[in-house]
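What the coordinates show
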Amino acid sequence: MRSHHEVVRPLLADGAERATRYLEGLEDRAVAPAPAALAQLARLDTPLPDTPSDPAEVLALLDDVGSPATMAMAGSRFFGFVIGGALPVTVAASWLSTAWDQNACLYRVTPGVAHLEQVALRWLVELLRLPAQCGGAFVTGATVANFTALAAARHAVLDRVGWNVEADGLFGAPPITVVVGDEVHPSLTKSLGLLGLGRTRVVTVPVDAAGCMRADRLPPLDGPTIVCMQAGNVNTGGFDPATELAAATRAAGAWLHVDGAFGLWAAASPAHAHLAAGISLADSWATDAHKWLNVPYDSGVAFVRDPDALQAAMAITAAYLPTATPFRNPSDFTPELSRRGRGVEVWAALRQLGREGVAALIARSCRHASRFAEGFRAAGLEVLNDVVLNQVLVSFGDAETTKRVIDAVQAEGTCWCGVTQWQGHTAMRVSVSSWATTDQDVERSLTAIVRVARANTSTAAGSSQAGVRGVSHA
Ligand SMILES: *Cc1c(COP(=O)(O)O)cnc(C)c1O
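Residues numbered from 1 in each chain as written. Predicted model: local features only at pLDDT ≥ 70, side-chain atom pairs only at ≥ 80, totals over all residues. Heavy atoms only, no water.

**Re the overall build of the chain**
Cut-off, in case you're wondering: By definition, any uninterrupted DSSP run of H or I lasting at least four residues is a helix, any uninterrupted run of E lasting at least two residues is a strand, and each is numbered from the N terminus. Every radius of gyration here is taken over C-alpha atoms, with the globule rule written as 2.2 Å times N^0.38, N being the number of residues. Contacts were defined at the residue level, with two residues in contact if any of their heavy atoms lie within 4.5 Å. Only the protein chains shown count as cover for residues, with accessible areas throughout obtained via the Shrake-Rupley method and a probe of 1.4 Å. We treat Lys and Arg as the positive residues and Asp and Glu as the negative residues; His and chain ends play no part in the count. Charge coordinates come from a single atom per side chain, which is NZ of Lys, CZ of Arg, CG of Asp or CD of Glu.
In terms of helices and strands, the chain carries 13 helices and 11 strands. In summary, the chain has a C-alpha radius of gyration of 24 Å against a globular reference of 23 Å for 474 residues, a match within 12%. Counting only C-alpha atoms and orienting by the principal axes, one finds that the chain spans roughly 70 × 65 × 45 Å. For the chain, the share of sequence-separated contacts (at least 6 apart) that also reach a separation of at least 24 residues comes to 74%. For the chain, the exposed area adds up to about 21,000 Å²; of that, 57% sits on carbon and sulfur atoms. Distance from the positive charge centre (37 side chains) to the negative charge centre (45 side chains) of the chain: 3 Å.

**Topic: the site of the ligand**
Filter applied, for reference: Residue proximity to a molecule or strand is established when one non-hydrogen atom of the residue lies within 4 Å of it. Pairs of N or O atoms within 3.5 Å make up the polar contacts considered here, provided that, within protein, one atom can donate a hydrogen while the other can accept it, and that residues adjacent in sequence are counted only when both atoms are side-chain atoms.
Taken together, 14 residues are adjacent to the ligand, and Thr143, Asp259, Asp288, His290 and Lys291 come closest. Contact between the ligand and Thr143: an oxygen atom at 2.5 Å from a side-chain N or O atom of the residue. Between the ligand and His290 there is a distance of 2.8 Å, counted from an oxygen atom to a side-chain nitrogen or oxygen. In the complex, the protein chains occlude 84% of the 380 Å² of accessible area that the ligand would expose alone.

**Things to note about the confidence of the model for the chain**
Applied cut-off: How sure the predictor is of each residue is captured by pLDDT, a score from 0 to 100.
Across the chain, the average pLDDT comes to 94, with 95% of residues at or above 70. Scored below 50 in pLDDT, residues 460-466 makes 13 contacts in the model with residues more than four places away or belonging to other chains.

**Section: the packing of helix H6 (residues 142-159) against helix H10 (residues 307-314)**
What counts is decided by this rule: Convention adopted: a line fitted to C-alpha atoms gives each axis, helices being fitted over their contacting stretch, and angles between N-to-C directions are expressed from 0 to 180 degrees. By the definition adopted for this analysis, an angle is roughly parallel if under 35 degrees, roughly antiparallel if over 145, roughly perpendicular if from 65 to 115, and oblique otherwise. Note on residue classes: Ala, Val, Leu, Ile, Met, Phe, Trp, Tyr, Cys and Pro are nonpolar, Asp, Glu, Lys and Arg are charged, and everything else, Gly too, is polar.
Look at H6 against H10: their axes get within 8 Å of each other, and the N-to-C directions meet at 100°. With respect to H10, the element H6 is oriented roughly perpendicular. Contact residues: Phe147, Thr148, Ala151, Ala152, His155 and Ala156 in H6; Ala309, Leu310, Ala312, Ala313 and Met314 in H10. Counted by class, the contact of H6 with H10 contains 9 nonpolar, 2 polar and no charged residues.

**Structural notes on the sheet that holds strand S9 (residues 391-395)**
The cut-off we apply is this: Strand pairing requires that DSSP identify at least two bridges connecting the strands.
With respect to topology, 4 strands assemble into an open sheet ordered S8-S9-S11-S10, the strand pairing being antiparallel. Of all strands in the sheet, those with a lone pairing partner are strand S8 (382-383) and strand S10 (418-422), marking the two edges. In this fold helix H11 (residues 343-378) packs onto S8, S9 and strand S11 (425-431), with an angle of close to 15° to the strand it touches most, S9.

**As for the pattern of salt bridges**
This is how the line gets drawn: Between Lys or Arg on one side and Asp or Glu on the other, a salt bridge is scored when a side-chain nitrogen of the former is within 4 Å of a carboxyl oxygen of the latter. Only protein chains enter the accessibility calculation, which uses a 1.4 Å probe; a residue whose area is less than 20% of its type maximum is buried, one above 50% is exposed, and one in between is partly exposed.
In the structure shown here, the tally under the stated rule is 19 salt bridges. Put simply, Glu27 and Arg77 hold a salt bridge, and the shortest N to O gap is 3.8 Å. Placement of the pair is Glu27 in the loop between helix H1 (4-25) and helix H2 (35-39) and Arg77 in the loop between helix H3 (55-66) and helix H4 (88-100), with a sequence separation of 50 residues. One salt bridge connects Glu126 with Arg355, and the closest N-O pair in it is separated by 2.6 Å. One end of the pair, Glu126, is in helix H5 (residues 111-127); the other, Arg355, is in helix H11, and 229 residues separate them in sequence. By relative accessible area, Glu126 is classed as partly exposed at 42%. Three or more residues joined by partner-sharing salt bridges are found here, namely Asp14, Arg18, Asp63 and Asp64.

**Quick notes on the environment of Val178**
By the secondary structure assignment, Val178 is in strand S2 (residues 177-181). Given the relative accessible area of 0%, Val178 is considered buried. Here the alpha-carbon distance between Val178 and Arg199, two residues 21 residues apart in the chain, equals 9.9 Å.

**Looking at the nonpolar core**
Formally: Here the nonpolar core consists of buried residues drawn from Ala, Val, Leu, Ile, Met, Phe, Trp, Tyr and Cys, with membership extended through side-chain atoms lying within 4.5 Å.
Among the nonpolar cores identified, the biggest contains 52 residues, and Trp265, Ile279, Trp285, Leu293, Phe303 and Val358 are the most heavily contacted of them. Residue assignment for this core shows that the elements contributing at least two residues are H5, strand S4 (225-230), helix H9 (242-252), strand S5 (255-259), strand S7 (300-304) and H11. Sorting elements by how many residues they give to this core places H11 first, with 8 residues. Formed by 31 residues, the second largest nonpolar core is a distinct cluster that contains Ala145, Ala152, Leu195 and Leu197.

**Regarding H6**
Worth spelling out the cut-off: Helix span, as expected, comes to 1.5 Å for every residue beyond the first.
With 18 residues, H6 should reach 26 Å at 1.5 Å per residue; the first-to-last C-alpha distance of 25 Å fits that figure. The buried fraction of H6 is high, at 14 of 18 residues.

**Things to note about the side chain of Thr225**
For Thr225, the position within the fold is in strand S4. A polar contact of 2.8 Å, which involves the side chain of Thr225, links it to the backbone oxygen of Gly223. Ignoring any residue separated from it by four or fewer positions in sequence, one finds Thr225 in contact with Val157, Thr177, Val179, Ala254 and Trp255.

**Here's the deal with the sheet that holds S2**
Spatial strand order, S1-S7-S6-S5-S4-S2-S3: 7 strands in an open sheet with mixed pairing. For this open sheet the edge positions go to strand S1 (135-139) and strand S3 (203-205), each flanked by a neighbour on one side alone. Across this sheet, the average inter-strand angle for adjacent strands is 20°, counted without regard to direction. Here strand S6 (residues 284-288) runs beside S7; their pairing, made up of 5 bridges, is antiparallel. Across the sheet, Ser284 pairs through a bridge with Val304, a residue of S7.

If you want it as C-alpha cells, here you go:
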C-alpha cells in the first residue's frame, strides 16, 4: 500500500499536466469534437466496476477518451451561446479551491471562503454599478440567479400586502401580476414556474425590431407586481428600456427585476455603460460569471437591492447550524445549503483583471463582433441586427441554405457558431465572449465562414443569395 503522499502528489501533478496539454492543444484542433472521438466514448461505458483501480489509470482513461470528445469551449474560436472561456487564473484558482473542498454555507465553519465571497460580491456591485447596499448570492448560473432574485421579489410584493409567502405559500395569496417582454429568456420563464408564479400566467409586452420591450406598451401596473426586463438580448444584444421601466415600476410600487446574464457586464466598460443606463434603478438583478467574466462553470450571481428580502426568502435555521454569528452566512442568501465556494474564482478573476482588465475584455469582445459584421457585409452577406454589443446575426439566404451553411461551418472546424431564429428568419449567431479570442482568430474564422458559405450557396438551387464575395483583409 502506497502512502497518501505517494499517491496524491503524482496524481495531481499528472492532472495539471494533462489539463495544460489539453488547453495548449486547442489551438490546433477542430472546435467541434471529431466523430471518431465521440465513437470512443463507448470505452467509458463499462459495467460498474466491482473492484478499485489505480487512480492514475482512471485519470488517463478520462483524458484519453474524454478530452478529445469535448467541444473546445475553452478555446479562442467558440462563438456559440454567449458563454466565454475561463481565464487561466480562474482555472488555477478553481483547482486550489477544489483542493480546499470547503462547504461554503456558514461563515464560522469556512471563514476563508465566506470572506473571499463577501469581497467578490462587493467588487461586483461596484463594477456593475449596482446600489452599494445590495445583498447577493453566488449560485450556479443565471437561471438560478433569476430564480433567487425572483423569490426575493415574490416575498417583498406579498409582504407589502400582509402575506407571508414563505410560511403560507401561494394558496389563497393575493395574486401577483408578472410582466415580461415578448423576448423573455426561457430560463426566466422556467424560474417563474418553479416559484409558483406560472410560466404562461404572465402579461407579455411587445418588443421592437431589436427585441427590446416597448415601454409605451407596458400595461397599467396595480397591486403586487413584478416586471422582468432583460439587459442583453441573446440574439441582438439589445437592452430593454430600464429608465422608463424603472420610472413606471417605482410609481406603481412594483418590483423591477433585470435578467442581465451577459448584458449586465456592459456597465463595466465605459464605452458600453450607456447601454446599461437606468439599470441600477431596478430592485434585483441576475447575471453570470461563467459567461463574460470567463470563470469556470458553474457560476452565476443574484443581487437584491434590499438584502432583507433576499434573506427572508432564503434563510433557514436548524438547531445544529451555528448561525448566530456577527458575520454574513452565505447560505442565508442562497437556495443551497451545502455549496462549493464558487465566489473564489470570481475573486481571482477580478483581482487579476482589475477594473481596466474587465473593461478591456468587454470592449474587445464587442470590437470583434463589429469586425465579424463588417466582414460578413463585405462578403455580401446579410447581417440581421444592429451590432450594439457582442452578438451578430448573419443570414446565408433562405432557412434551408442558412442551416446547411451552419452545419458545414461546424463540420469545417475552424470555429463554432450556432443556429437561431430571429423574428421569422433563420440565422447563424456569432457570440464573442471569450478572453482568448484575438484579432487573428476573428480573421481566420471570417475567412473560413465565407469560404464555407460560398461553397454551400453557389450550388443551392433557388437560393436567394446573390453571391458571396471574399473577405477583404484590411
Ligand atoms: C445564458 C442566459 C440565461 C441562463 O443562464 P445560465 O447560466 O445558462 O443558467 C438567462 N438569461 C439570459 C439573457 C442568458 O443569456
